[in-house]
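Analysis of the macromolecular model
These are the residues of each chain, in order.
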Amino acid sequence: MEQEKGFFWGQHAEAEKACLELLDDCRRKNTVLARFEQKLIRQTSSRMLDWVDHLLVRDSKQIREKLAVLGFVRQPDTRLEALIHPVALLPRIVLAGRSSGPDSGAAIRVESIADFLQANGFRAEIEGGPFSPYRRASISAENGAGLLVVERRGTRDYEPVYTNDAYLGVYLKGMEAWQKRPRTGDNEDQTFGDTFRIADRLVMELGPDLAAHIVCRAERTFWLSRNYAARVQQGRQDTLGLGWGNHDHHTFRSSRRNFPKLVALFSRLGFRNRERFYAGAEAGWGAQVMENPVSGLTLFLDVDLAPEEVATDFTREELRERNQLGTVGLWCALHGDSILQAGMHHMAAQFDFERLIEDIRQYGVEYMAPFSNFPYLKQAFSVAGKWEVDPARVQKLVGDKAVTNEQGEQFLAQGAVGSHLENIQRREGYKGFNRKNVSAIILATDPRRSV
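Residues numbered from 1 in each chain as written. Predicted model: local features only at pLDDT ≥ 70, side-chain atom pairs only at ≥ 80, totals over all residues. Heavy atoms only, no water.

Attention now moves to the sheet that holds strand 6 (residues 134–142). Read across the open sheet, the seven strands follow the order 2-3-4-1-5-7-6; overall the sheet is mixed. Bordering the open sheet on either side are strand 2 (73–74) and strand 6, each of which pairs with just one other strand. Pairing between strand 5 (residues 104–109) and strand 7 (residues 145–152): six bridges, direction parallel. From the neighbouring strand, arginine 109 faces strand 7, where its bridge partner is valine 150. Packed on one face of the sheet, helix 1 (residues 13–29) meets strand 1 (52–58), strand 4 (92–96), strand 5, strand 6 and strand 7 and runs near 105 degrees to strand 5. Across the sheet, helix 2 (residues 31–44) lies against strand 5, strand 6 and strand 7, angled at about 110 degrees from strand 6, the strand it touches most. (Pairing = 2+ DSSP bridges. Helix = DSSP H or I, 4+ residues; strand = E, 2+ residues; numbered from the N terminus. Contact = heavy atoms within 4.5 Å. Axes fitted to C-alpha atoms, helices over the stretch in contact; angles between N-to-C directions.)

This is the structure in structure tokens:
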């Protein structure tokens, strides 16, 4: 999956339009779907397309030809015939056969079908075992259009999976093992070693894709415990039993010495390198985007980077320590690496961009100025709360002259900026990021700017 040099993600307006037309057809035919969409936008500030896992359409030569022209190709790793757009972030399209069942439909993705049914007062049978890779429930079928709800854990298939008690035990113990793993210690190499051993065990017992799901789910839980904006928005989404089915990417910040280890860890979990970002002298940072397409997870991994290092493979080569700390390095020096004691720097989820900013303000959550504001990509960070800082960390930074005495005193008195909830809105199937705009927000979130 590693992209060639110069690769960029394009816009696919016609492909998105086709998906929206299929969704509109379901909405017109199915009143339950139409009513739920109104609740969705009002209570969560998100759009229906942000939650659609796949669309169902009656198979025909005409629909195949239309979708092929728009760039959809057959999904190779599934028992049902489905189409995906390989270079766009759009729902998959499942081709329905001539057997009984709806002619069209929309399947929305949630973290727990049981929560969804309970929160919305729906009654439906859940197909698939608890915590299994794929589960689904049929909520409503009207005028040939269905509304389904699905759970996914490390699979791209569409057939419910029934598991046994042994699987359930391994899954729950794996989740628990990751959540209780050591995040602190005097010897970071030893802490990383423990983390690798737990990850390898997950991969051996459950496979890399399900292991990736477990790790990111647990990391979200830790991030939520430290982020007020995220807890507020989760509460809004849980009024409809949704969880974080609208997640876009998870961002981990790393010190230079640990960055190759971070990339290696996620590589073991089935993530592969996508595009690479670097600003060098412009902002002093670099980032590797990684994706596990089977688990539907994307990562943004940040690190300080010197201008002369942009031509190197900084994901694999050891980065020497530098006297000067950039935004990412200082954040890690104050709080620790994201994969260790700090937790994620932010998670991005997809919303109706302007509406979220307006709606969540009533809960005391404010947003920074947008750092991307294009028709196809809008992004903004919540204003970060400040975290208490270990005095020993501040003392070392002052001693190393990485921060001034005055800055050190203010970090001790006021804390330093912590994590964010990113508000992101994508249109036209745009799957990428904008380097210049990322540089701007990295500079804007430097802890030194808030003292």
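Let's shift gears to the packing of aromatic side chains. For the structure on display, the rule yields 16 aromatic pairs. Ring plane angle 35 degrees and centroid distance 5.7 Å describe the contact between phenylalanine 116 and phenylalanine 122, whose orientation is recorded as tilted. Residue phenylalanine 116 is classed as buried on the basis of its relative accessible area of 0%. Here a set of aromatic residues connected by ring pairs shows up, and it is made of Phe277, Trp285, Phe300 and Phe433. Over the ring of tyrosine 158 we find arginine 152; its NZ or CZ atom is 5.0 Å from the centre of that ring. (Phe/Tyr/Trp six-rings, centres within 6.5 Å; stacked < 30°, edge-to-face > 60°. Buried < 20%, exposed > 50% of the residue type's maximum accessible area, 1.4 Å probe, protein only. Lys NZ or Arg CZ within 6 Å of the ring centre and 35° of its normal.)

Attention now goes to the environment of arginine 393. Mapped onto the elements, arginine 393 comes out in helix 13 (residues 391–399). The spatial distance from the C-alpha of arginine 393 to the C-alpha of leucine 80 is 54 Å, given a sequence separation of 313 residues. Excluding anything up to four places from it in sequence, arginine 393 contacts Cys332, Ala333, Leu334, His335, Gly336 and Gln341.

In this section: the nonpolar core. In terms of nonpolar packing, the biggest core is built from 53 residues, with Trp178, Phe266, Phe271, Leu301 and Ile339 touching the most fellow members. Setting aside residues no more than four positions away along its own chain, isoleucine 339 makes contact with Trp178, Arg181, Arg183, Phe192, Glu219, Phe252, Leu262, Leu265 and Phe266. Listed in part, the 35 residues of the second largest apolar core include Val52, Val57, Phe72 and Leu90. (Core = buried A, V, L, I, M, F, W, Y, C linked by side-chain atoms within 4.5 Å.)

Summed over all chains, the structure comprises zero disulfides. Of all cysteine sulfurs in the structure, the one in cysteine 26 sits closest to cysteine 19, which takes part in no disulfide; the separation is 11 Å. Cysteine 19 sits in the buried class, given a relative accessible area of 0%. Counting only cysteine sulfurs, cysteine 332 is the nearest neighbor of cysteine 216, a cysteine outside any disulfide, at a range of 17 Å. A relative accessible area of 1% places cysteine 216 in the buried class. (Disulfide = S-S within 2.5 Å.)

Of all residues in the chain, 93% have pLDDT values of 70 or greater, and the mean over the chain is 92. Note that pLDDT drops below 50 for residues 1–6; the model gives that stretch 13 contacts with residues more than four away or on any other chain. (pLDDT = per-residue confidence, 0-100.)

With respect to the secondary-structure elements, arginine 47 resides in the loop between helix 2 and strand 1. Since its relative accessible area comes to 19%, arginine 47 is described here as buried. Separated by 3.1 Å, the side chain of arginine 47 and the backbone oxygen of arginine 426 make a polar contact. In contact with arginine 47, other than residues within four places in its own chain, are Leu40, Gln350, Phe351, Asp352, Gln425, Arg426 and Arg427. (Polar contact = N/O pair within 3.5 Å; in protein donor to acceptor, adjacent residues only side chain to side chain.)

Strand order in the open sheet made by the eight strands is 9-10-11-8-12-17-14-13, with mixed pairing throughout. Strand pairing shows two members of the sheet lacking a second neighbour, strand 9 (272–278) and strand 13 (372–373), which therefore form its edges. Where strand 13 and strand 14 (residues 377–381) come together, two bridges link them in antiparallel fashion. Looking at strand 14, one finds that serine 372 is bridged to glutamine 379.

This paragraph deals with the pattern of salt bridges. Enumeration according to the criterion identifies 40 salt bridges in this entry. Its salt-bridge partner being glutamate 81, residue arginine 74 comes within 3.6 Å of it at the nearest N-O pair. A residue is classified by how much of its surface remains accessible, and glutamate 81, at 23% relative accessible area, is partly exposed. The residue aspartate 359 makes a salt bridge to arginine 355 at a minimum N-O spacing of 3.1 Å. Here the residue aspartate 359 and the residue arginine 355 both occupy positions in helix 12 (residues 353–360), the gap between them amounting to four residues, near one helical turn. Beyond isolated ion pairs, a larger network of salt bridges with shared partners links Asp53, Arg92, Arg109 and Arg152. (Salt bridge = Lys/Arg side-chain N within 4 Å of Asp/Glu carboxyl O.)

Once that is clear, we can look at the pairing of strand 10 (residues 285–292). Across the eight residues of strand 10, eight count as buried, placing the element largely inside the fold. Note that strand 9 and strand 10 share five bridges and pair antiparallel. Its bridge partner lying in strand 10, tyrosine 278 is registered against glycine 286. Here eight bridges tie strand 10 to strand 11 (residues 297–304), and the two strands are oriented antiparallel to one another. When the bridges of strand 11 are listed, glycine 286 appears paired with valine 303. Where strand 10 folds back onto strand 11 in an antiparallel hairpin, the turn is made up of four residues, including glycine 296, whose phi is positive at roughly 70 degrees.

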